[in-house]
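An overview of the molecular structure
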Amino acid sequence: MEGRFNLQGKLVVLRLNRLDYVPSGLYSSELLAEQQLPVIAIEYGFFRSHLEKEDCKIPRLRLGHPWLRKLPRKLRGLAVHLVALVRIGMRILSEGRPRLILAEGLHEQTLAWILKCLFRIPYVVHVHEVYQSGELTGWNRMFFTLEGAALRGARFTVFPEATRASIYRQRYGLTEAQYIAFNCPRKNESICPTDWRTRLALEPDARLLGYFGGQGRSNALEQGIRAVARLSKVYFLLWGWSSHSDREYFKRVAVGVGAGDRVLFLGELPTDKWSAIAGLDVSYCMYEPRELRLRHLATASNKLMESLAAGVPVLTSNTSDFRNIVQTHDVGLCAPDFTVEGISSTLQELILDEEGLARRSENALRCHRNYFHYEYQYQPVLRALRDKVWYSHGSDRKLPLTNLGTGSAA
């Protein structure tokens, strides 16, 4: 068992907090493990245990720093990374160098860059979000200033959306290859939907609009609540995290417009999230493009791709990227704008069309099973890992790439 947690010659996936919190990072790690690469995930953060080893499909080496909570709040954000860097460096000195590091985000790419400078370990960066100056605060600003150097030092980068990749290529003068892998779930074959009408004691003819994810002010939730209030048979089911103040605000809005009994905050998604999502009639995927990361989002939206995987038609924003997917594949409708009137009229058209819902549900499942799944999307990255990094550094055999589709992104 100890050999599974040794770093020498391994492909190390580096992640702040748990790998499970970034679905595409988890899926890519699973695919790498299934291709029989020696993958190990190093998760670091304010875990309760100083060191934890989880022996599972992807071995997890969890570096906890509980004592850092005793530091002043302004120092914790930097200290957690510095301590993790020292501990990882000490393990490399004692166990040997990894073959490759896969950095899953803004903070992790900086650590990977420093480890390359110290130990000459090549790394790849999965860029999950894109930012511009002024959008980050605290120590995140420092990591943002180092982003250009970190990305230029990577063997290649992976983005969930093509325009984001283009923006970063021009901004930082990136010359290495970029790969696009949409934020799709792994391939689902069959799902048994949850009967939410029975479970929540709703009317048999109730219509169910669902939202799952962070519940902030940039997701047009207030407009969605006000739109639902205009449609008497529609219930709005919301799952996911929100700040206490935002949740209370949305509840007050719902009560104020007379929909307090039809806007249901249900906490975190159940363990069987696919059944939960599949039990909806329509999924709410609206994003107000206030920040760079929200302007080019469709293929980076877990919410959109998971809805399609569950066969649920979508109500989305009207930006060109969402419109391209929704209209090309006929999997939902785009609201013309972010007004209550625009959202309400589009929702009514979508959710009251029984025949249209059935057709769009079938189209959504077909899209997912054909190419909007991670086995298909990540294959070009697997090939690049084999040809540009793993095999080129003297591996005794090539990455086999078994049981995968033909791939869609390059």
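In case you missed it, the structure is sitting above this.
Notes on the structure follow.

About the thresholds
Residues numbered from 1 in each chain as written. Predicted model: local features only at pLDDT ≥ 70, side-chain atom pairs only at ≥ 80, totals over all residues. Heavy atoms only, no water. Helix = DSSP H or I, 4+ residues; strand = E, 2+ residues; numbered from the N terminus. Rg over C-alpha atoms; globule rule 2.2 N^0.38 Å. Buried < 20%, exposed > 50% of the residue type's maximum accessible area, 1.4 Å probe, protein only. Pairing = 2+ DSSP bridges. Axes fitted to C-alpha atoms, helices over the stretch in contact; angles between N-to-C directions. Contact = heavy atoms within 4.5 Å. Expected span 1.5 Å × (residues − 1). Core = buried A, V, L, I, M, F, W, Y, C linked by side-chain atoms within 4.5 Å. Parallel < 35°, antiparallel > 145°, perpendicular 65-115°, else oblique. Left-handed = near helix turned anticlockwise from the far one by under 90°. Salt bridge = Lys/Arg side-chain N within 4 Å of Asp/Glu carboxyl O. Phe/Tyr/Trp six-rings, centres within 6.5 Å; stacked < 30°, edge-to-face > 60°. Lys NZ or Arg CZ within 6 Å of the ring centre and 35° of its normal.

**Details of the overall build of the protein chain**
The helix and strand tally for the protein chain stands at 16 helices and 14 strands. Relative to the 2.2 N^0.38 estimate, which gives 22 Å for 410 residues, the radius of gyration of the protein chain is 22 Å and therefore close to what a compact globule would have. Across its three principal directions, the C-alpha atoms of the protein chain cover 65 × 50 × 45 Å. Taking all 410 residues of the protein chain together, 58% fall into the buried category.

**Some thoughts on the sheet that holds strand β8 (residues 178–180)**
Strand order in the open sheet formed by eight strands is β3-β4-β2-β1-β5-β6-β7-β8, with mixed pairing between adjacent strands. Each having just a single partner strand, β3 (51–54) and β8 make up the two edges of the open sheet. Adjacent strand axes in the sheet meet at a mean angle of 20°, parallel and antiparallel pairs treated alike. Packing of helix α16 (residues 379–390) onto the sheet brings it into contact with β1 (11–16), β5 (100–103), β6 (123–126), β7 (157–159) and β8, and relative to β8 it is tilted by some 155°.

**Notes on helix α13 (residues 340–351)**
Between its first and last C-alpha, α13 extends 16 Å over 12 residues, near the 16 Å set by a 1.5 Å rise per residue. The set of residues buried in α13 consists of Val340, Gly342, Ile343, Ser344, Thr346, Leu347, Leu350 and Ile351.

**As for the nonpolar core**
Membership of the largest hydrophobic core comes to 64 residues, with the highest contact counts inside it found for Ile42, Tyr44, Ile101, Tyr168, Met305 and Phe372. The element that contributes the greatest number of residues to this core is helix α2 (residues 73–95), accounting for seven residues. Setting aside chain neighbours within four positions, we find Met305 in contact with Phe182, Asn183, Cys184, Pro185, Ala298, Thr299, Ile325 and Phe372. Core analysis: the next-biggest nonpolar cluster, separate from the first, contains 45 residues, Tyr235, Trp239, Ala310 and Val389 among them.

**Some thoughts on unusual backbone geometry**
Of note, Ala220 is a non-glycine position whose phi angle comes to about 55°, a positive value. Secondary-structure assignment places Ala220 in the loop between β9 (207–212) and α8 (221–229). Positive phi, close to 50°, is recorded for Asp330, a residue that is not glycine. For Asp330, the location among the structural elements is in the loop between α12 (320–329) and β14 (332–334).

**Some details on the packing of α8 against helix α9 (residues 244–256)**
For the pair α8 and α9, the least separation of the axes is 9 Å and the interaxial angle reads 25°. As the angle between them shows, α8 and α9 are arranged roughly parallel. Viewed along their axes, α8 and α9 form a crossing whose handedness is right-handed. For the pair formed by α8 and α9, the contact residues are Leu221, Glu222, Ile225 and Arg226 on the first element and Tyr249, Phe250, Val253 and Ala254 on the second.

**Focus: the sheet that holds strand β13 (residues 314–316)**
Strand order in the open sheet made by the six strands is β11-β10-β9-β12-β13-β14, with parallel pairing throughout. The open sheet has two edge strands with one neighbour each: β11 (263–265) and β14. Taken pair by pair, the neighbouring strands of this sheet meet at an average axis angle of 20°, ignoring direction. Contacts from α12 reach β12 (282–285), β13 and β14, with the element oriented near 150° to β14.

**Focus: the pairing of β12**
The side chains of a regular strand alternate, first on one face of the sheet and then on the other. Neither face of β12 is left uncovered, since the one carrying Val282 and Tyr284 and the one carrying Ser283 and Cys285 both have all their residues buried. The pairing of β9 with β12 spans two bridges and is classified as parallel. The residue of β12 that forms the bridge with Leu209 is Val282. Both β12 and β13 contribute to a ladder of three bridges, which runs parallel. Residue pairing for β13: Cys285 is matched across the bridge by Thr316.

**Quick notes on the pattern of salt bridges**
Under the criterion given, the structure shown has 25 salt bridges. Residue Glu43 is joined to Arg60 by a salt bridge in which the shortest nitrogen-to-oxygen separation is 2.8 Å. With a gap of 17 residues between them, Glu43 in strand β2 (residues 39–45) and Arg60 in strand β4 (residues 60–64) connect regions that are remote in the sequence. You'll find Glu43 and Arg60 in the same group, each marked buried.

**Comments concerning the packing of aromatic side chains**
Counted according to the given criterion, the structure contains 12 aromatic pairs. Where Tyr168 meets Tyr172, the ring centres are 5.2 Å apart and the plane angle is 90°; that geometry is what we call edge-to-face. Taken together, the residues span about one helical turn, with Tyr168 and Tyr172 both in helix α6 (residues 162–172) at a distance of four residues. Given a relative accessible area of 0%, Tyr168 falls into the buried group. Pairwise contacts between aromatic rings join Phe182, Tyr371, Phe372 and Tyr376 into one cluster. Directly above the ring of Phe47 sits Arg62, whose terminal nitrogen or CZ lies 5.8 Å from the centroid. Taking NZ or CZ as reference, Lys273 lies 5.0 Å from the ring centre of Trp274, over its face.

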